[in-house]
Structure formats: C-alpha cells, structure tokens
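Breakdown of the fold
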Amino acid sequence: MRLTILGCNSSTPRADGFTTSQVLELGSKIFLIDCGEGAQIQMKKVRIKFRSIDYILISHLHGDHYHGLIGFLTSSSHFGRTTPLTIFGPRGLKEIIQLQINITKLSLSYQLNFVELYKDESEVIFNQSNIKLSTIPLNHRIYTNGFLIEFTPSNRVIDAENPRRGLNFQSCEAEQLKAGRDLKFNTGKTIPNQALTKPGSYHSYAYCSDTAYKPHIISMIKGVDVLYHEATFLESERKKAEQTFHSTAREAALIAKRAGVKTLILGHYSARYKTKKDHLKEAKTVFQSTELAEDLRVFQF
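Residues numbered from 1 in each chain as written. Predicted model: local features only at pLDDT ≥ 70, side-chain atom pairs only at ≥ 80, totals over all residues. Heavy atoms only, no water.

**Some words on the overall build of the chain**
Filter applied, for reference: For the purposes of this entry, the term helix denotes a DSSP run of H or I that reaches at least four residues, the term strand denotes a run of E that reaches at least two, and both are numbered from the N terminus. Throughout, exposure labels follow a simple rule: accessible area from a 1.4 Å probe, protein chains only, divided by the maximum for the residue type, with under 20% read as buried, over 50% as exposed, and the rest as partly exposed. Residue contacts follow a heavy-atom distance rule, with two residues in contact if any of their heavy atoms lie within 4.5 Å. For accessible areas, the Shrake-Rupley method is used with a probe of radius 1.4 Å. Any residue's cover is judged against the shown protein chains and nothing else.
Secondary structure summary: the chain contains 7 helices and 18 strands in total. The buried share of the chain, reckoned over its 301 residues, is 52%. Within the chain, contacts between residues at least 6 apart in sequence are counted, and of these 64% link residues at least 24 apart. As displayed, the chain offers around 14600 Å² of accessible surface, 48% of which is attributable to carbon and sulfur atoms.

In structure tokens, the structure reads:
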C-alpha cells in the first residue's frame, strides 16, 4: 500500500502548497482521492502517469477537493487515454463535469463513468477481486463522504518462519507458490502450498476529509492500518472548527486512539498556520503514532 500526498492544504492553493489530493496504490489498482487545483502538476513531479489512474473518489463538492478534476480529465484525453475511467462522488458532480464538457465541446478519448453518491449511511460502492470500497458518512456543511478501502492480496506469501524455509526455490517455483500452487519435484514428491506459504497481508486505509468531530465513524474504521483525518485547526481555534464543521488535531487523534488504528496522518491545514509542528505536537499528546501529511510526501505501508 503506497500513498502519495499531492496536496494537503485547505481552502485555496498557496505559493508553497496545494489543496487536497492524493494517490493510493493498492496492488495493481490506483485511486486518485480528491482532486484539488494543481493535482496534475503534482502528479507530473512524482511521475505518476495519468493513464494509470483506475478510479477517482471525490469526497464533496467544495472547490478545494474537485476544482482540479476537469483539468485532469482533459489532460488524460490529450495524453491518449483509452481505458474507461470511473468517478465516485456526490450527486451533482456528473452534472458539473458534463456541463463543462458540453460547453467547451470537449471530446474525450475514453469512456467516463459516474457513480453518484447520496445515501446518509455507509454503503459498499465497489467490491471487485481483492479490493472493497465503502463510504464513511461525515459531518460537514454539505453532503460529504470519507472512504474506507480494504485490500486483501490475491497472492500468497512464502512463509519466512516455516521450518522448510531452507529449501532453495528457483524464481519460477517461488512465483508458482505465490500463485497458490503446490511445489512439485522431478522425483514426484509434492509439498502442499499451505505448508510453505501464508496468506498475503490485509491492508486498510480510511480517508476522512472535511468533517466536524464525529465519534460515530469509529466503528467503521476500527483497527485500520492508516487513517487520514483532517486537522484544519488547533484546539485554540476549536470554536472556529465547530462553526465551520472542521476538526482540530486533538480531535483527529481522539478518533484514531478510540478506533485503535495503527497510524494517523493529519492534513487539510488552515492557511493561518505557518508551521505544522504544533498540529503534530497536539495530536501526539493523545495518539503517539501520528504523522503529518506534506505535499509530495510518500507513505509506504
């Protein structure tokens, strides 16, 4: 599981930072999560190919989370994309994008599909192969969803602790074992696959964009490997956070602690803060395993 932060600031782009957007790579599938202005510029910096994006997830229709979308879709067409692209987002997003396409007489080189979200309760919106995607209803000024992405590798892993680990596997034999096949020798002897391998590691990622403090989501994200949770304000501005339906760094940490997640990543910082050190300090008083999102920072789990 590889997460690349393209932008993690709130409201508007800045000279030193971009608005919310990130790329999550899970096995062979790649998700673009929110698409603030400049997302495609950031993707070029880290050499993520536009055509590699399989799905786009848009949390809500505030501009700092989707104003970069039409540019990305247009550029993808210019670069010759031919594979279909599916966008999951709130009801109304399709109308917005379709209007831009129609007025500019844009002819995309690929099929664009929309899955419009409108339910107030969590729902599974994608469940194929080894990836399951569910919504996390949030509490913001407009209809907003976070996303829970669960990944179970289809391949098995050679068990390094197995007593037979001393066997000298050829590379082709190792690949057959990972694919779930038994190990067969020229002598006719066979070792069952499960005697040498174990299931691949399960991974989970919860993305909670703009939201007021909402303990109700804890049961949905219990024990996830990584939680990205907005931390627009510090506790000293908690009243402002409540008024704007945002969270503080401490509140994000409380969610992480009560949900028993492994790692918390803070993001969506207000422009009033020149440094994020206080966000990290405040969160760590509650939940030690906290990291700061930074533009172009890569997390590997």
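**Examining the pairing of strand 2 (residues 21-26)**
Definition in use: Paired strands, in this sense, are two strands between which DSSP finds at least two bridges.
Among the 6 residues in strand 2, 5 count as buried, and that is most of the element. Pairing analysis gives 5 bridges linking strand 1 (residues 2-7) to strand 2, with the strands arranged antiparallel. Within strand 2, the position partnered with Ile5 by the bridge is Gln22. Summarising the sheet, strand 2 and strand 3 (residues 29-35) pair through 6 bridges and their orientation is antiparallel. Bridged to Leu26 within strand 3 is Lys29. Two successive antiparallel strands, strand 2 and strand 3, enclose a turn made up of 2 residues, where Gly27 displays a positive phi of approximately 60 degrees.

**Focus: the pairing of strand 6 (residues 112-117)**
Note the following rule: Throughout, right-handed denotes a crossover for which the path from the first strand over the helix to the second runs clockwise when the strands point away from the viewer.
Here strand 5 (residues 85-90) pairs with strand 6 via 6 bridges, running parallel. Looking at the pairing, Thr86 lines up with Asn113 of strand 6. Following the backbone out of strand 5, through helix 3 (residues 93-103) and into the adjacent parallel strand 6, one traces a crossover that is right-handed.

**What to know about the environment of Leu85**
Looking at where Leu85 falls in the secondary structure, it is placed in strand 5. Overall, Leu85 belongs to the buried group, its relative accessible area being 0%. Sequence separation between Leu85 and Tyr110 is 25 residues; the distance between their C-alpha atoms is 7.4 Å. Not counting residues up to four positions away in its chain, the partners in contact with Leu85 are Ile53, Asp54, Tyr55, Ile56, Phe72, Leu73, Tyr110, Gln111, Leu112 and Asn113.

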